[in-house]
Number of protein chains: 2
Amino acid sequence: MGYRQLVLTLPVLGALVFVIGPIRAADTELRAQALSIFRPLLKNTSTTPDSVASRQVRLGRLLYFDPRASADGTVSCARCHQPALYGADGLPKSIGAEHRVHPRHAPTVLNAAIQFVQHWRGDRTSVEDQAMKALVAPPSYGNPSYESAIARIKAIPGYPTLFAQAFPGQTDAVTPENWGKAVGAYVRTLVTPSPFDGFLTGDDSAMSTSAQAGLRAFMQIGCAGCHNGAGVGGTMYQKFGVTEPYWNATGSGTVDKGRYDVTSDAADIYVFKVPTLRNVAMTPPYFHDGSVATLPEAVRVMARVQLGRTLTELEVRDLAAFLESLTGPLPDDFATIPTLPTAGGGR
Amino acid sequence: MGYRQLVLTLPVLGALVFVIGPIRAADTELRAQALSIFRPLLKNTSTTPDSVASRQVRLGRLLYFDPRASADGTVSCARCHQPALYGADGLPKSIGAEHRVHPRHAPTVLNAAIQFVQHWRGDRTSVEDQAMKALVAPPSYGNPSYESAIARIKAIPGYPTLFAQAFPGQTDAVTPENWGKAVGAYVRTLVTPSPFDGFLTGDDSAMSTSAQAGLRAFMQIGCAGCHNGAGVGGTMYQKFGVTEPYWNATGSGTVDKGRYDVTSDAADIYVFKVPTLRNVAMTPPYFHDGSVATLPEAVRVMARVQLGRTLTELEVRDLAAFLESLTGPLPDDFATIPTLPTAGGGR
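Everything numeric in this text was worked out from a predicted model, so none of it was measured. (Residues numbered from 1 in each chain as written. Chains lettered and ligands numbered in written order. Predicted model: local features only at pLDDT ≥ 70, side-chain atom pairs only at ≥ 80, totals over all residues. Heavy atoms only, no water.)

Some points on the interface of chain A and chain B
Facing the 40 residues of chain A at the interface are 40 residues of chain B. Across the chain A to chain B interface the summed buried area is about 3,000 Å²; carbon plus sulfur atoms make up 62%. In this assembly, chain A and chain B are joined by zero salt bridges. Our count for the chain A to chain B interface comes out at seven residue pairs in polar contact (both at pLDDT 80 or more). Secondary structure elements with two or more residues in the side of chain A that touches chain B: helix H13 (295–307) and helix H14 (313–324) of chain A. The dominant element in the side of chain A that touches chain B, judged by the number of residues it contributes, is H14(A), at three residues. Of the residues that constitute the side of chain A that touches chain B, the class distribution is 21 nonpolar, 11 polar and eight charged. (Contact = heavy atoms within 4.5 Å. Buried area = accessible area lost by both parts, 1.4 Å probe. Salt bridge = Lys/Arg side-chain N within 4 Å of Asp/Glu carboxyl O. Polar contact = N/O pair within 3.5 Å; in protein donor to acceptor, adjacent residues only side chain to side chain. Helix = DSSP H or I, 4+ residues; strand = E, 2+ residues; numbered from the N terminus. Nonpolar A, V, L, I, M, F, W, Y, C, P; charged D, E, K, R; others polar.)

Following this line, the structure appears as structure tokens:
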């Protein structure tokens, strides 16, 4: 039974399926195909509670939420990657220290660590590299130098001791590299398995019929050619706008040459990292420039400019249902905010 | 036994006290005196889970954490009243929409509702009034008008329904007044009983000996003349700098005429609301201008400019220990962040 036939027959089959349960043969075949393209997401549980690694995670969690390391005292990682907005900030383009506008949209921090590079243009190699450089990036923390950033952190009673405990054996552990390592260690724990992973690992009822139809379409239409792996993305670069200029389809009218501005290689014009689609339903607006407000419209634009295809409304609905199955619950240590060392509480 | 003798004898008594327990007579007398000045803080548990009131609280909690109602999309209540910084922001003066600097320091939102008026100059009558007016205050949410603020809220799928459920029977429930009521309803739940309340309600071991000595000093020296009631403050106005100009003692050099600028009454020159001292140890820097970085220095300044008194270092230490006993655990619904309605997630 083909995809289109299955979809068209579904209303008729509805009551029957409800009685006899999901169509197991179709589930099994769909799962097998999906497992050839995607991988289930596993929570990182590698550190023991009293290990150095877990001390780095705990320190990183404090640093993640602490705005006092920024030039104007208002920017923490959580400013552009807010728990309340699923690790993003809801803005087309983020706004950092001293109200400087970031050139691109803030992607969610959730599952960021499993991507092969960071940032839309891949100019950050890892979450550790990203975190460290954020300290001195003008539209982020905005510190004029690493020295001034580190001086801010050292001025907060509590942090020097916590750094020393998390990085034992170092004479002066409060360094930009260790800041990046600690924040990165925390960010690596921010992984969100979702109903899709339940389906991949054998639970037929984890995804709705619509989401399963969407998964099938996602693979058949070609989306999975780029959005694959455990992150459903985050494994490669790709040109945005294969069949037509993206800025026409999104309506932004604004051109960003993407990775070309990093490499000066003509092959990289309009090339961006293919982002993970994990939690994409929770993190509008969409694309590197935040130019599209809704998930269905983002799906339509992608099919049009990457695959030259105009989707039916049923395809859009099913694809959106599949993408919604990539929404996992927030990690406890992200939804719950730590209490920071108090500034100046000492004597 | 007098206060000073008691303190001086303590090192000798230490081991004995450890064996025979706290000095019960002194506790009882201290508690009786304290209960004539202060009141224990009780958690607000007045709403039933399915009531209209609890729907207002739940809606208010979402609104509290949502930056999308602000002019530049970066300011929520949580921007200047962060859970990680105990309901404050760690800055001398807050920074709001479009990087506008607030004229005064952000006090903690915790227990704010029990104060007799809001803001340092009392120009907000209640937490509801404060929340509503924040929508259009330039250094806060920065919206040019209530209309534009409400338009932003209505544009987020989910909120119109939540407002209608929280304010039943209204044709159009998304109003500035209801925004203020919902946020206020949530803020009224942010109450933090602390070891001091344990002591007041009969637990002799809730406060350390030093904190008990600090409580005694707090009443004897005269601090409790203004800082009293359930909030240990928040019950009256008072001139800041009774015995000498505050800006000399704090070192700020900057003069704020306080409530005079609201009332134009000469009696109100340098008059401010006496703030609650609940959680004061967790919310540096201090005073309306954030001009003092540490709690002990804030204690010294207050004794000097309000009471004309130079404290001994032991008095400062004990007073700080008492003030630390006013730190209560964060309410669960404040330390844990809600997931907001997604913007544009609909179809």
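What follows continues from the structure just given.
Describing H14(A)
Across its 12 residues, H14(A) extends 16 Å between first and last C-alpha, which sits within 8% of the 16 Å expected from 1.5 Å per residue. Considered for burial, the residues of H14(A) that qualify are A:Glu315, A:Val316, A:Asp318, A:Leu319, A:Ala320, A:Ala321, A:Phe322 and A:Leu323. (Expected span 1.5 Å × (residues − 1). Buried < 20%, exposed > 50% of the residue type's maximum accessible area, 1.4 Å probe, protein only.)

Digging into helix H3 (residues 52–64) of chain B
All names here are of chain B. For H3, built from 13 residues, the straight-helix expectation of 18 Å at 1.5 Å per residue is met to within 8% by its first-to-last C-alpha distance of 18 Å. Of the residues making up H3, those classed as buried are Ser 54, Gln 56, Val 57, Leu 59, Gly 60, Arg 61, Leu 62, Leu 63 and Tyr 64. Residues of H3 that are buried sit in contact with helix H4 (77–80), helix H7 (159–166), helix H8 (176–187) and helix H15 (332–335).

Let's talk about the relation of the copies chain A and chain B
The two copies are related by a screw operation: chain A maps onto chain B through 180° of rotation and 0.0 Å of translation along the axis, at an RMSD of 0.0 Å. Between the two chains, the operation in question is that of a two-fold axis. Relative to the rotation axis, the C-alpha of A:Thr336 is the closest in chain A, positioned 2.1 Å from it. (Least-squares fit on C-alpha atoms with pLDDT ≥ 70 in both.)

Considering the nonpolar core
A general feature of soluble globular proteins is that nonpolar side chains tend to end up buried together. One finds A:Phe163, A:Trp179, B:Phe163 and B:Trp179 to be the most contacted residues of the largest nonpolar core, which totals 92 residues. Leaving out residues up to four positions away in the same chain, A:Phe163 has contacts with A:Leu59, A:Leu63, A:Ile153, A:Ala173, A:Val174, A:Thr175, A:Asn178 and A:Trp179. (Core = buried A, V, L, I, M, F, W, Y, C linked by side-chain atoms within 4.5 Å.)

Observations regarding the confidence of the model for chain A
Residue and element names in this part refer to chain A. Of all residues in chain A, 90% attain a pLDDT of 70 or more, and the chain-wide mean is 91. Here residues 1–22 scores under 50 on pLDDT; set against residues more than four positions off or in separate chains, the count is 20 contacts. Interface predicted TM-score (ipTM) for the complex: 0.86; the corresponding pTM is 0.89. (pLDDT = per-residue confidence, 0-100.)

What about the pattern of salt bridges?
All names here are of chain A. Tallied over the entire structure, the rule returns 30 salt bridges over all chains. Here Glu 29 ties to Arg 216 by a salt bridge, and the two come within 3.0 Å at their closest N and O atoms. Separated by 187 residues along the polypeptide, Glu 29 in helix H2 (residues 24–35) and Arg 216 in helix H10 (residues 209–221) bring together distant segments of the chain. Among the residues examined, Arg 216 registers a relative accessible area of 10% and is labelled buried. The salt bridge partner of Asp 204 is Arg 31, with a shortest N-O separation of 2.5 Å. Here Asp 204 is found in the loop between helix H9 (195–200) and H10, whereas its partner Arg 31 is found in helix H2, with 173 residues between them in sequence. For the pair Asp 204 and Arg 31, a shared accessibility class is recorded, and that class is buried.

Points about the packing of aromatic side chains
Geometry of an aromatic ring pair is reported as the spacing of the ring centres plus the angle between the planes. Residue and element names in this part refer to chain A. A complete count under the given rule lists 36 aromatic pairs over all chains for this structure. Ring geometry for Phe 38 against Phe 196: centres 5.3 Å apart, planes inclined by 85°, an arrangement best described as edge-to-face. Linking Phe 38 in the loop between H2 and helix H3 (52–64) with Phe 196 in helix H9, this pair joins segments that are 158 residues apart in sequence. We note that Phe 38, like Phe 196, is buried. A connected cluster of aromatic rings, assembled from ring pairs, spans Phe 240, Tyr 246, Trp 247, Tyr 270, Phe 272 and Phe 287. Over the ring of Phe 199 we find Arg 31; its NZ or CZ atom is 4.6 Å from the centre of that ring. (Phe/Tyr/Trp six-rings, centres within 6.5 Å; stacked < 30°, edge-to-face > 60°. Lys NZ or Arg CZ within 6 Å of the ring centre and 35° of its normal.)

Let's talk about unusual backbone geometry
Note the cis peptide between A:Pro284 and A:Pro285, where omega equals -5°. Positive phi, close to 65°, is recorded for A:Asn279, a residue that is not glycine. Its place among the elements puts A:Asn279 in the loop between strand E2 (271–273) and H13. Although it is not a glycine, B:Phe287 sits at a positive phi angle of roughly 80°. Among the structural elements, B:Phe287 can be located in the loop between strand E2 (271–273) and helix H13 (295–307).

What about the state of the cysteines?
Residue and element names in this part refer to chain B. Per the counting criterion, the structure on display carries zero disulfides over all chains. The thiol of Cys 77 is unpaired, and the distance to the nearest cysteine sulfur, on Cys 80, comes to 9.2 Å. Looking at Cys 77, the relative accessible area reads 12%, which means it is buried. Counting only cysteine sulfurs, Cys 223 is the nearest neighbor of Cys 226, a cysteine outside any disulfide, at a range of 9.2 Å. For Cys 226, a relative accessible area of 17% puts it in the buried group. (Disulfide = S-S within 2.5 Å.)

Observations concerning the packing of H10(A) against H14(A)
Residue and element names in this part refer to chain A. The interhelical angle for the contact between H10 and H14, taken along N-to-C directions, is 105°, at an axis separation of 7 Å. Between H10 and H14, the angle is such that the two are roughly perpendicular. Contacts between H10 and H14 involve Ser 210, Ala 211, Ala 213, Gly 214, Leu 215, Ala 217, Phe 218 and Ile 221 from the former and Glu 315, Arg 317, Asp 318, Leu 319, Ala 321, Phe 322 and Leu 323 from the latter. Per-class residue counts for the contact of H10 with H14 are 10 nonpolar, two polar and three charged. (Axes fitted to C-alpha atoms, helices over the stretch in contact; angles between N-to-C directions. Parallel < 35°, antiparallel > 145°, perpendicular 65-115°, else oblique.)

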